[in-house]
There are 2 protein chains.
Amino acid sequence: MATLPNSIPEKTIERLSEYRRTLLASHKQGITHIFSHVLAGIHGITAVQVRRDLMLIGFSSDTKKGYDVQVLIDYISRILDSPSSMNIAVIGMGHLGQAITKYFNGKGLKLKITAAFDVDPEKVGKQIDGIPCYHMDNFEQIVEDKEISIVIVSSPTKVAPTLVLPIINAGIKGVLNFTSTPLNFPQGIIVENYDITTLLEKVAYFVKESEENSNT
Amino acid sequence: MATLPNSIPEKTIERLSEYRRTLLASHKQGITHIFSHVLAGIHGITAVQVRRDLMLIGFSSDTKKGYDVQVLIDYISRILDSPSSMNIAVIGMGHLGQAITKYFNGKGLKLKITAAFDVDPEKVGKQIDGIPCYHMDNFEQIVEDKEISIVIVSSPTKVAPTLVLPIINAGIKGVLNFTSTPLNFPQGIIVENYDITTLLEKVAYFVKESEENSNT
């Protein structure tokens, strides 16, 4: 994904999202303060990395008790979240689409899945986990009506390339693509291609490497 | 994820996995040769990056027709794949677990999902998409019997921390964790924590940034 000049690095954005999730869980458990090395330990990174990430967004804390959890949550949220909530649609309500929708439902996130699209007559016109499922033929109209700015592509891989034009025409701003076909969009549309196979092949590679190293 | 000294960088491994997928799809379409800039274009990166990645694994090609697709597939496979196939288990057969299993089934990958685990009596003892589903109580035994080396954690987030000890005790070598709780393992176990929320929050952040930039 191309990042803009002067923007915060992608990897820092990922970690901020992860820190916030940990902070929210800690807050729920009644924890009010957390040290950088504790946050680092939970995420398997160094305390230096945590402090560097927070410095990048201008957050500093010199309390002896560590970071104030609530203050840090609010601070990260001001960086990550849009002032208005962003509406998201899922294209493809198979197992993966349903898993994602279910996962987000009731999480109380700023990001909301407000529509789903499919072509299966068994799904179109129904509510799936509380989300209305529309026919892909009505994509542009629904995107406009529901002010959707981001789509998650969880369709069959074969179908993915045929979705590029409708996504462009509907004025979508960001795409998270989980199919096996990388999708390319014109500049101005943010796209993240993420095939789960890659993650698994990566883990398998490092397992193999670690076994080879321990055998020598 | 900690990488070993002298090993190929994580990001290169990810891209090799992605290149191979594209090459396999090209091969299926009867394409025999591909230029680095074409491969780069498909993946939204530069030709320099593609050539650098392939140089890192010692692959060079100076044919005027571009890379030989079949030769490059074989070359990447020798880097990524273990000589023997690796067996994988999925822990948690909700929508996400089922999506992953279905996705891998019939893909003809070296990586094979050969077992699933759950605690739901509706699932335990049944075949789901051709994969036998066992009770989590029998985890260690089944892992040994079926020579499983990698697990995918797609359980409810709450349950994830309770899986750490069984995973360690069973001698699992690699973990791909999709829950919202990062899991920590002793050195020697490769772990990749990947919460889908992070990907979505990242896309949303860059959409917001790009909107702010175009408004100024």
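Scroll up for the structure.
Keep in mind that what you see is a predicted model, and the values were worked out from it rather than measured. (Residues numbered from 1 in each chain as written. Chains lettered and ligands numbered in written order. Predicted model: local features only at pLDDT ≥ 70, side-chain atom pairs only at ≥ 80, totals over all residues. Heavy atoms only, no water.)

K.L.:
Before we go on, may I ask you to explain helix α2 (residues 36–43) of chain B in this structure?
P.N.:
Spacing of three or four residues puts side chains on the same side of an α-helix, whose turn is 3.6 residues. Residue and element names in this part refer to chain B. Restricting attention to buried positions, one finds in α2 the residues S36, L39, A40 and H43. Take α2 and look down its axis: the buried residues cluster within an arc of 100°, on one side only. Against α1 (10–28), β1 (33–34), α3 (47–56) and β2 (67–68) lie the buried residues of α2. Backbone geometry just after α2 places G44 at a positive phi near 65°. (Buried < 20%, exposed > 50% of the residue type's maximum accessible area, 1.4 Å probe, protein only. Helix = DSSP H or I, 4+ residues; strand = E, 2+ residues; numbered from the N terminus. Arc of directions from axis to C-beta. Contact = heavy atoms within 4.5 Å.)

K.L.:
Help me understand the relation of the copies chain A and chain B, please; the structure alone is not making it clear to me.
P.N.:
Expressed as a screw transformation, the operator carrying chain A onto chain B has a rotation angle of 180° and an axial translation of 0.0 Å, and the superposed copies differ by an RMSD of 0.0 Å. Given the turn and translation reported, the copies of this chain are related as if by a two-fold rotation axis. By residue overlap, the copies meet face to face through one surface: 99% of the interface positions of chain A are interface positions in chain B. (Least-squares fit on C-alpha atoms with pLDDT ≥ 70 in both.)

K.L.:
What's the story with the interface of chain A and chain B in this structure? I'm lost.
P.N.:
Many authors give the size of an interface as the accessible area that is lost as the parts come together. Opposite the 69 residues of chain A that make contact, chain B presents 68 residues. The contact between chain A and chain B buries some 6,400 Å² in all, and 67% of this surface belongs to carbon and sulfur atoms. Counting the surface chain A buries against chain B, the share from its top three residues, H95, L200 and F206 of chain A, is 12%. Counting the contacts that link chain A with chain B gives 12 salt bridges. A salt bridge links K202 of chain B to E192 of chain A; the nearest nitrogen and oxygen atoms lie 3.0 Å apart. On inspection of chain A and its partner chain B, the count reaches 24 residue pairs in polar contact (both at pLDDT 80 or more). Of all the secondary structure elements, the ones that give two or more residues to the side of chain A that touches chain B are α1 (10–28), α2 (36–43), α4 (69–80), α5 (95–104), β7 (148–153), β8 (174–177), β9 (190–193) and α8 (196–215) of chain A. The element contributing the most residues to the side of chain A that touches chain B is α8 of chain A, with 17 residues. Counted by class, the side of chain A that touches chain B contains 32 nonpolar, 19 polar and 18 charged residues. (Buried area = accessible area lost by both parts, 1.4 Å probe. Salt bridge = Lys/Arg side-chain N within 4 Å of Asp/Glu carboxyl O. Polar contact = N/O pair within 3.5 Å; in protein donor to acceptor, adjacent residues only side chain to side chain. Nonpolar A, V, L, I, M, F, W, Y, C, P; charged D, E, K, R; others polar.)

K.L.:
Mind showing me how you'd approach the side chain of S154 of chain A here?
P.N.:
All names here are of chain A. With respect to the helices, strands and loops of the structure, S154 is situated in the loop between β7 and α7 (164–169). A relative accessible area of 10% means that S154 is categorised as buried. Here G92 takes part through its backbone oxygen, which lies 2.7 Å from a polar atom of the side chain of S154. Excluding residues that lie within four positions of it along the chain, S154 makes contacts with V90, I91, G92, L96 and G97.

K.L.:
Before we go on, may I ask you to explain the sheet that holds strand β4 (residues 112–118) of chain B in this structure?
P.N.:
Sheet strands pair by backbone hydrogen bonding; their relative direction is either parallel or antiparallel. Residues and elements named next belong to chain B. Spatially, seven strands are ordered β5-β6-β4-β3-β7-β8-β9 in an open sheet, and the strand pairing comes out mixed. Lying at the two open borders of the sheet, with one neighbouring strand each, are β5 (127–128) and β9 (190–193). Where β5 meets strand β6 (residues 131–135), two bridges bridge the pair, whose relative direction is antiparallel. Across the sheet, residue Q127 finds its bridge partner in β6, namely P132. The strands touched by helix α5 (residues 95–104) are β3 (87–91), β4, β5, β6 and β7 (148–153); relative to β4, the strand with the most contacts, the crossing angle is about 160°. (Pairing = 2+ DSSP bridges. Axes fitted to C-alpha atoms, helices over the stretch in contact; angles between N-to-C directions.)

K.L.:
Looking at this structure, I do not really get the packing of α2 of chain B against α3 of chain B. What am I missing?
P.N.:
Each pair of packed helices gets described by two things: the angle between the helix axes and the distance between those axes. Residue and element names in this part refer to chain B. At a minimum axis distance of 8 Å, the contact between α2 and α3 shows a crossing angle of 110°. By the angle between their directions, the pair α2 and α3 is classed as roughly perpendicular. Residues S36, H37, L39 and A40 of α2 pack against A47, V50 and R51 of α3. Considering only residue class, the contact of α2 with α3 consists of four nonpolar, two polar and one charged. (Parallel < 35°, antiparallel > 145°, perpendicular 65-115°, else oblique.)

K.L.:
When you look at the packing of α1 of chain A against α2 of chain A in this model, what are you seeing that I'm missing?
P.N.:
Residues and elements named next belong to chain A. Packing of α1 against α2 brings their axes to within 11 Å, and their N-to-C directions diverge by 105°. Comparing the axis directions of α1 and α2 gives the class roughly perpendicular. Contacts between α1 and α2 pair E18, Y19, T22 and L23 from the former with L39, I42 and H43 from the latter. Taken together, the residues that form the contact of α1 with α2 break down as four nonpolar, two polar and one charged.

K.L.:
I would appreciate a short explanation of helix α3 (residues 47–56) of chain A in the present structure.
P.N.:
Residue and element names in this part refer to chain A. Buried residues of α3: A47, Q49, V50, D53 and L54, and no others. Along the long axis of α3, the arc covered by the buried residues comes to 160°, so they all point the same way. Contacts from the buried residues of α3 go to α1, α2, β2 (67–68) and α4. Phi turns positive one or two residues past the end of α3, at G58, with a value near 80°.

K.L.:
Mind showing me how you'd approach the sheet that holds strand β4 (residues 112–118) of chain A here?
P.N.:
All names here are of chain A. What the seven strands build is an open sheet, ordered β5-β6-β4-β3-β7-β8-β9; its pairing is mixed. Each of the sheet's edge strands pairs with one partner strand only, and the pair in question is β5 (127–128) and β9. As judged from the four bridges shared by β7 and β8, these two strands associate in the parallel manner. Following the sheet pairing, V153 is matched in β8 by N177. Contacting β3 (87–91), β4, β5, β6 (131–135) and β7, α5 crosses the sheet at an angle of about 160° to β4.

K.L.:
Explain the environment of I100 of chain B here, please?
P.N.:
Within the fold, I100 of chain B resides in helix α5. The spatial distance from the C-alpha of I100 of chain B to the C-alpha of G58 of chain B is 32 Å, given a sequence separation of 42 residues. Residues contacting I100 of chain B, with those up to four places away along its chain left out, are I196 of chain A together with I113, I152 and F178 of chain B.

K.L.:
I tried to follow the packing of aromatic side chains on my own but got confused; where do I start?
P.N.:
To describe a pair of aromatic rings, one takes the distance between the centres and the angle between the planes. Residue and element names in this part refer to chain A. In this structure the tally under the stated criterion is 11 aromatic pairs over all chains. Measuring from ring centre to ring centre gives 5.8 Å for F117 and Y134, while their planes differ by 40°; the resulting arrangement is tilted. In this pair, F117 sits in strand β4 while Y134 sits in strand β6, placing the two residues 17 residues apart along the sequence. Among the aromatic residues, those joined into a cluster by ring pairs are F59, Y67 and Y75. (Phe/Tyr/Trp six-rings, centres within 6.5 Å; stacked < 30°, edge-to-face > 60°.)

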